[in-house]
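Chains, contacts and geometry: an overview
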Amino acid sequence: MNLKGKHFINLEDFSKDDILGLLDLAEALKKDVKEKKDLNILKNKTLVMYFSKPSLRTRISFEVGMQKLGGNAVVIKQDEIILGKRESIEDTARVISRYADGITIRTFAHSDVEQFAKYSSIPVINALTDLSHPCQIMADLLTIKEHFKKFNGLKLAYIGDGNNVTNSLLIGCSLLGIDISVAAPEGYEPDSECVLNAKKFASSSGAKVEILNSPDDAAKGAHVFYTDVWTSMGQEAEAEKRKEIFKNYQINTNLLKLADKNHIVLHCLPAHKGEEITEEAFELHAASIFEQAENRMHAQMAIMASIM
Ligand code: CP
Ligand code: NVA
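Residues numbered from 1 in each chain as written. Chains lettered and ligands numbered in written order. Predicted model: local features only at pLDDT ≥ 70, side-chain atom pairs only at ≥ 80, totals over all residues. Heavy atoms only, no water.

**Regarding the site of ligand 1**
The full set of residues close to ligand 1 is Ser-55, Leu-56, Arg-57, Thr-58, Arg-106, His-133, Gln-136, Cys-268, Leu-269 and Arg-296. In this structure, an oxygen atom belonging to ligand 1 sits 2.6 Å away from a main-chain N or O atom of Leu-56. Its residues assigned to classes, the shell around ligand 1 comprises three nonpolar, four polar and three charged. (Near = heavy atom within 4 Å. Polar contact = N/O pair within 3.5 Å; in protein donor to acceptor, adjacent residues only side chain to side chain. Nonpolar A, V, L, I, M, F, W, Y, C, P; charged D, E, K, R; others polar.)

If you want it as structure tokens, here you go:
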């Protein structure tokens, strides 16, 4: 696996072997971190992190991960450079490329990240766009690998809004051979191009991809349950309307009765308990959910160590 200099923007750009290699490295780095080993893999390297949306996990896990790899991170908020407004994205990319060794971008339009990458001579990492959240899915896959020690023969049920996280889950699962059933209300299904790509990957990996409207159908026999907020960042004006539309798309102990005996629940967080997941189901599965949050750091350390 040689990924040096590659952007980490779309999971679609990586092969199954690349993803498996990154997950192996993430597991090894996690062990090193637990053993408090001195890692100097990114010594003297700087990661710039740009955010035009809030973040707890992404911001801290990247910054701490970078420190653990021997490098450092500089965080810039929306109001400081106002991506694409104060000056063009092309110029911003060419300037930052002169100072840093990698950049993470969290913003609204996916095309802004693609545009940045076109002019950037340093690797660009997608830290969430309206279309996708690939770093999250690397942590999710790591959590699944640790729990089940395999990918083939597993079924993941995603219940709720077909959003950025769902789009990336579709790609990650289909690449690795995990069956994925998404249950979303009509009109809130995942991005159609991501679904098409997932079906294409599934035909080589042997996975099954289903986009359904019924949570019960999606849940049957599932090993991994996954949900995310009904209202993503930037959609706040629709929150009340969405509460009504999504009210039956909830992970609760009743739905979990349809699961395989050996199942886990994942949530990318932040969670809105009482909406997409009940407090009871959340607390029953807090162990896997917070392991997943921790795994953001290990998965991203593997990504940075490989591409920077
Ligand atoms: N899951 C996730 O990306 O969390 P943050 O929005 O807090 O970074
Ligand atoms: N779908 C959510 C994910 C947050 C990590 C959002 O975009 O707000």
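**A short note on the sheet that holds strand β2 (residues 72–77)**
What holds strands together in a sheet is hydrogen bonding between their backbones, with the strands either parallel or antiparallel. Here four strands make up an open sheet; going across it, the order is β2-β1-β3-β4 and the pairing parallel. Edge positions in the open sheet fall to β2 and β4 (124–126), since each of these has one partner strand only. Sheet twist, expressed as the average angle between the axes of neighbouring strands with direction ignored, equals 20 degrees. The pairing of strand β1 (residues 46–51) with strand β3 (residues 102–106) spans five bridges and is parallel. Pairing of Phe-51 across the sheet is with Arg-106, part of β3. (Pairing = 2+ DSSP bridges. Helix = DSSP H or I, 4+ residues; strand = E, 2+ residues; numbered from the N terminus. Axes fitted to C-alpha atoms, helices over the stretch in contact; angles between N-to-C directions.)

**Quick notes on the site of ligand 2**
Residues in contact with ligand 2, as listed here, are Leu-128, Asn-163, Asn-164, Asp-228, Ser-232, Met-233 and Leu-269. Between a nitrogen atom of ligand 2 and a side-chain N or O atom of Asn-163, the distance comes to 3.3 Å. Alone, ligand 2 offers 270 Å² of accessible surface; in the complex the protein occludes 95% of this. Residue composition of the shell around ligand 2, grouped by class: three nonpolar, three polar and one charged. (Areas by Shrake-Rupley, 256 points an atom, 1.4 Å probe, with all protein chains shown as cover.)

**Notes on the packing of helix α1 (residues 16–34) against helix α6 (residues 134–148)**
The interhelical angle for the contact between α1 and α6, taken along N-to-C directions, is 70 degrees, at an axis separation of 10 Å. Viewed along their axes, α1 and α6 adopt a mutual orientation that is roughly perpendicular. On α6, the residues that touch Ile-19, Leu-22, Leu-23, Asp-24, Ala-26, Glu-27 and Lys-30 of α1 are Met-138, Leu-141, Leu-142, Lys-145 and Glu-146. Across the contact of α1 with α6, the residue classes tally to seven nonpolar, no polar and five charged. (Parallel < 35°, antiparallel > 145°, perpendicular 65-115°, else oblique. Contact = heavy atoms within 4.5 Å.)

**Observations concerning the environment of Thr-129**
Considering the arrangement of structural elements, one finds Thr-129 in the loop between β4 and α6. When the C-alpha atoms of Thr-129 and Phe-14 are compared, they prove to be 18 Å apart, with 115 residues separating the residues in sequence. Setting aside its immediate chain neighbours within four residues, Thr-129 contacts Lys-53, Thr-107, Phe-108, His-110, Val-113 and Asn-164. Within polar-contact distance, the side chain of Thr-129 engages the side chain of His-110 at 2.9 Å.

**Things to note about the packing of aromatic side chains**
Under the criterion given, the structure shown has six aromatic pairs. The interplanar angle of 45 degrees and the centroid separation of 5.1 Å between the aromatic rings of Phe-8 and Phe-14 together place this pair among those described as tilted. When its relative accessible area of 1% is taken as the criterion, Phe-8 is described as buried. By relative accessible area, which is 3% here, Phe-14 ends up buried. Both rings, one in Phe-246 and one in Tyr-249, keep their centres 6.4 Å apart while their planes meet at 80 degrees; by these two values the pair is edge-to-face. (Phe/Tyr/Trp six-rings, centres within 6.5 Å; stacked < 30°, edge-to-face > 60°. Buried < 20%, exposed > 50% of the residue type's maximum accessible area, 1.4 Å probe, protein only.)

By themselves, these are just geometric observations and shouldn't be taken as functional.
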